[in-house]
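Commentary on secondary and tertiary structure
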Amino acid sequence: MLGICRGRRKFLAASLTVLCIPAITWLYLFAGSFEDGKPVSLSPLESQPHSPRYAAAGQRERESLEVRVREVEEENRALRRQLSLAQGRAPAHRRGNHNKTYSMEEGTGDSENLRAGIVAGNSSECGQQPVVEKCETIHVAIVCAGYNASRDVVTLVKSVLFHRRNPLHFHLIADSIAEQILATLFQTWMVPAVRVDFYNADELKSEVSWIPNKHYSGIYGLMKLVLTKTLPANLERVIVLDTDITFATDIAELWAVFHKFKGQQVLGLVENQSDWYLGNLWKNHRPWPALGRGYNTGVILLLLDKLRKMKWEQMWRLTAERELMGMLSTSLADQVSGQDIFNAVIKQNPFLVYQLPCFWNVQLSDHTRSEQCYRDVSDLKLQKQLSELDEDDLCYEFRRERFTVHRTHLYFLHYEYEPASDNTDVTLVAQLSMDRLQMLEAICKHWEGPISLALYLSDAEAQQFLRYAQGSEVLMSRHNVAYHIVYKEGQFYPVNLLRNVAMKHVGTPYMFLSDIDFLPMYGLYEYLRKSVIQLDLASTKKAMIVPAFETLRYRLSFPKSKAELLSMLDMGTLFTFRYHVWTKGHAPTNFAKWRTATTPYRVEWEADFEPYVVVRRDCPEYDRRFVGFGWNKVAHIMELDAQEYEFIVLPNAYMIHMPHAPSFDITKFRSNKQYRICLKTLKEEFQQDMSRRYGFAALKYLTAENNS
């Protein structure tokens, strides 16, 4: 459905308004305001009164000039109106089509053409559009199901938000997957003046499941037919959009078209641009009935109140039943789409349609977001929390990060996994940014179980990641890896928030809390599942420790057994993790004992201990006050100890840290004294909080000797 753009004429009008109108105004001021053949002076020096008579004359001249200026302004307004009318009459072949957005679409009605992303028309074209009040809420309905559609709808919503001037109310008919993803996304996006309601698509299936179809949009594509029943009874009008639409202008301009409906017009639709409904694509091609080319239902304006009064539900059902009786013998009997039924109804009742101009499909927009009533709306709870912080505090930015809400897109790629029925399943949990992306394939080769990842990315990086993942055979072959995008906000890396996001969406009873730059030993997944049973993690508070090692070599022959690892330790190919820079972090693991251990053994918590552990899914979250580098895992292990978890070292488990360039945050920690001071302050405050929460048992955290 390829629309035609009117952007060139719009640019021309702007040029005439900006360049020509001031020139005409100037001409009137200097050439059109002569009295007795003398120009009126605008110089304040020349207009100084030297006598009462001269002052009176000067006053008359000024009054005459003011009258003339008002006349010129009125003439300018009339000229602008004429320019707008002239734009509306401009021939189609002179219009530009610069800013097109396309996506391929298959199936009935659109199989032979490119699908253009929607853009709105300009109110100055084709006559004046009625004004939409700046605080009037615009209602948008979208049917969205599954992982891919959820990702598509984000692009649609972002394009609407970019240009919008009004409050928005999204009505999302979604399955359970899409609702989980999008509910979290909108909650963490915190966009002002946006409301989102969800309607259970699975409950609506029975309304349309009797219609046979194999259309690409499936049964969900038919749900637009039941919106009069699904949406609130007091909702009078709504814009219905496909998920693959992109806006390039303010949606209010489309909303304003409702005012153009007359008589019994209740549907606003754009003419379909393919030849599908003309019925001449191949021999014996027999499409559903339609007026001419028919109408495309990617964008629909629905007058819900009038449709209900017309008994729309009964109208479309009777039409569908009648047409299906005659179509059962054709190849299309199992390819019915919502668009087919809409068109069949319109064929019988053409008076229902207000035909939208084709420029609602492609449009060059030159206006930007403006200040409107929603701009000052914000989250009051967040404001209150921030207002309690001291902006003069040298650690203010650290403290503020704890309350920052990051837009979050759960399950960015398709995820499909059923935990094992024996309740021993373990999910590997990690977080990463764009510079660690290369680790994903290696981890997938080492760990066959489910994985939950939180990725800290910008919008552009999210698209790069999408291309990277879709181009990887290893990643695309794995459906048990959940990718959750946390979008960048603020100046610090929110490491513990990322871990919490990944942990929160674990679907197995147990979690292996790892880091993205570690490779687990081959077979660790199955070994951990057996250890879960052996150590009875289901009914005891235990944290199973996976001993951590490291290599300084970028190319490593990964040890396939504990014996091979011990040999590499002796040869200096491997080392215990951070032994040379942060011994305290893993010393309590007792590597000397591990070398000969054949059964699990218990170790005690010590200051600065930060092992990698396997725990139950209900373990405490990470503390969000710790961002960037330093003390983020230490605090979590301390809280596990405060909650009386036992630390059990697994004798036949190991993981190896792979070398990489230093992160930006560790560089800041090393080079910025204030960074280190603030981290020390946050650490002390956390220890005090622990003492208040856990009482006498937590006094050891205050007295523990921490030199970090």
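A brief look at the structure comes next. Please read these numbers as outputs of a predicted model, since none were measured by experiment.

Quick look at the overall build of the chain
The secondary structure content of the chain amounts to 23 helices and 24 strands. Looking at the 708 residues of the chain, the share that counts as buried comes to 53%. Residue pairs at least 24 apart in sequence account for 82% of intrachain contacts in the chain once pairs closer than 6 positions are excluded. About 33100 Å² of surface is accessible on the chain, with carbon and sulfur atoms providing 52% of the total.

Things to note about a negative patch on the surface
Judged by side-chain charge, D390, E391, D392 and E397 come together as a negatively charged surface patch. Among the secondary structure elements, D392 is positioned in the loop between α11 (380-387) and α12 (396-401).

So, the sheet that holds strand β16 (residues 510-513)
Reading across the sheet, the 9 strands line up as β12-β15-β14-β13-β16-β22-β18-β23-β21 and stay open at both edges, with mixed pairing between neighbours. Edge positions in the sheet fall to β12 (408-409) and β21 (601-603), since each has one partner strand and no second. With 6 bridges joining them, strand β13 (residues 426-433) and strand β14 (residues 451-457) adopt parallel strand pairing. Note that in β14 the partner of V429 across the bridge is S452. Along the sheet face, helix α13 (residues 439-446) touches β13, β14 and β15 (481-487) and points at about 175 degrees away from the line of β14.

Some remarks on the packing of aromatic side chains
In this description, a pair of aromatic rings is defined by centroid distance and the angle of the planes. Enumeration according to the criterion identifies 28 aromatic pairs in this entry. Taken together through their ring pairs, the aromatic side chains of W255, F258, F261 and Y354 make up a single cluster. R407 extends its terminal NZ or CZ atom over the ring of Y487, reaching a point 4.0 Å from the ring centre.

A closer look at the pattern of salt bridges
Scanning all chains against the criterion turns up 30 salt bridges. Overlapping salt bridges, with partners in common, bring together E207, K229, E313 and R317 in one network.

Considering the state of the cysteines
This structure, assessed with the given rule, holds 1 disulfide. A sulfur-sulfur distance of 2.1 Å marks the disulfide that ties C395 to C678. Where C395 bonds to C678 through sulfur, the torsion about that S-S bond is close to -95 degrees, and the disulfide is left-handed. Remark: C678 occurs in helix α22 (residues 673-694) and C395 occurs in the loop between α11 and α12; sequence separation between them is 283 residues. Exposure remark for C395: the relative accessible area of 4% places this residue in the buried category. Classification of C678 as buried rests on a relative accessible area of 0%.

Notes on the environment of M521
Among the secondary structure elements, M521 is positioned in the loop between β17 (518-520) and α17 (524-534). What makes M521 buried here is its relative accessible area of 7%. For the pair M521 and W447, spaced 74 residues apart in sequence, the C-alpha to C-alpha distance is 8.1 Å. Those residues in contact with M521, other than ones at most four positions away along the chain, are H446, Y527, F558, N652, A653 and Y654.

A look at the packing of helix α3 (residues 146-163) against helix α4 (residues 176-189)
Contact geometry of α3 with α4 gives a least axis separation of 9 Å together with a crossing angle of 30 degrees. Helix-helix and strand crossings are classified by hand; for α3 and α4 the assignment is right-handed. Residues G146, Y147, S150, V153, V154, V157, K158 and L161 of α3 form the contact with α4, whose own contacting residues are I177, A178, I181, L182, L185, F186 and W189. Across the contact of α3 with α4, the residue classes tally to 12 nonpolar, 2 polar and 1 charged.

Observations concerning the pairing of strand β8 (residues 237-241)
Counting buried residues along β8, 4 of its 5 residues qualify, which places the element largely inside the surrounding structure. Where strand β5 (residues 138-144) and β8 come together, 3 bridges link them in parallel fashion. Paired with A141 across the strands is V240, a residue of β8.

Comments concerning unusual backbone geometry
Not every positive phi belongs to a glycine, and R578 is a case in point at roughly 60 degrees. Located in the positive-phi region is D608, a residue other than glycine, with phi close to 75 degrees. Secondary-structure assignment places D608 in the loop between β21 and β22 (612-616).

Considering helix α5 (residues 201-208)
Among the residues of α5, A201, L204, E207 and V208 are the ones counted as buried. Considered in projection along α5, the buried side chains sweep an arc of 80 degrees and stay on one side of the axis. Opposite the buried face of α5, by more than 90 degrees, sit the exposed residues E203 and S206. Two or three places before D202, at the opening of α5, N200 has a side-chain oxygen 2.9 Å from that residue's backbone nitrogen.

Some thoughts on the side chain of D175
As for its position among the elements, D175 is in the loop between β6 (168-174) and α4. One buried charged residue, D175, remains without a salt bridge, the closest side chain of opposite sign being K205 at 7.1 Å.

Quick word on the sheet that holds strand β24 (residues 655-657)
The sheet built from 4 strands is open, its strands ordered β17-β24-β19-β20 with mixed pairing. Two strands lie at the open edges of the sheet, namely β17 and β20 (575-576), each paired on one side alone. Both strand β19 (residues 548-550) and β20 contribute to a ladder of 2 bridges, which runs antiparallel. Note that in β20 the partner of F549 across the bridge is T576.

Details of the packing of helix α20 (residues 632-642) against α22
It is the contact of α20 with α22, at a shortest axis distance of 11 Å, that shows an interaxial angle of 15 degrees. Our classification of the angle between α20 and α22 gives roughly parallel. Between α20 and α22 the crossing geometry is right-handed. Listed contacts from α22 to A635, M638, E639 and A642 of α20 are F686, Q687, M690, R693 and Y694. Of the residues assigned to the contact of α20 with α22, the class counts are 6 nonpolar, 1 polar and 2 charged.

Reading the values: the criteria
- Residues numbered from 1 in each chain as written.
- Predicted model: local features only at pLDDT ≥ 70, side-chain atom pairs only at ≥ 80, totals over all residues.
- Heavy atoms only, no water.
- Helix = DSSP H or I, 4+ residues; strand = E, 2+ residues; numbered from the N terminus.
- Buried < 20%, exposed > 50% of the residue type's maximum accessible area, 1.4 Å probe, protein only.
- Contact = heavy atoms within 4.5 Å.
- Areas by Shrake-Rupley, 256 points an atom, 1.4 Å probe, with all protein chains shown as cover.
- Patch = residues over 30% accessible without salt bridge, like charges linked within 9 Å, V, L, I, M, F, W, Y side chains within 5 Å.
- Salt bridge = Lys/Arg side-chain N within 4 Å of Asp/Glu carboxyl O.
- Lys, Arg positive; Asp, Glu negative; His and termini not counted.
- Charge placed at Lys NZ, Arg CZ, Asp CG, Glu CD.
- Pairing = 2+ DSSP bridges.
- Axes fitted to C-alpha atoms, helices over the stretch in contact; angles between N-to-C directions.
- Phe/Tyr/Trp six-rings, centres within 6.5 Å; stacked < 30°, edge-to-face > 60°.
- Lys NZ or Arg CZ within 6 Å of the ring centre and 35° of its normal.
- Disulfide = S-S within 2.5 Å.
- Left-handed = near helix turned anticlockwise from the far one by under 90°.
- Nonpolar A, V, L, I, M, F, W, Y, C, P; charged D, E, K, R; others polar.
- Arc of directions from axis to C-beta.
- Polar contact = N/O pair within 3.5 Å; in protein donor to acceptor, adjacent residues only side chain to side chain.
- Parallel < 35°, antiparallel > 145°, perpendicular 65-115°, else oblique.

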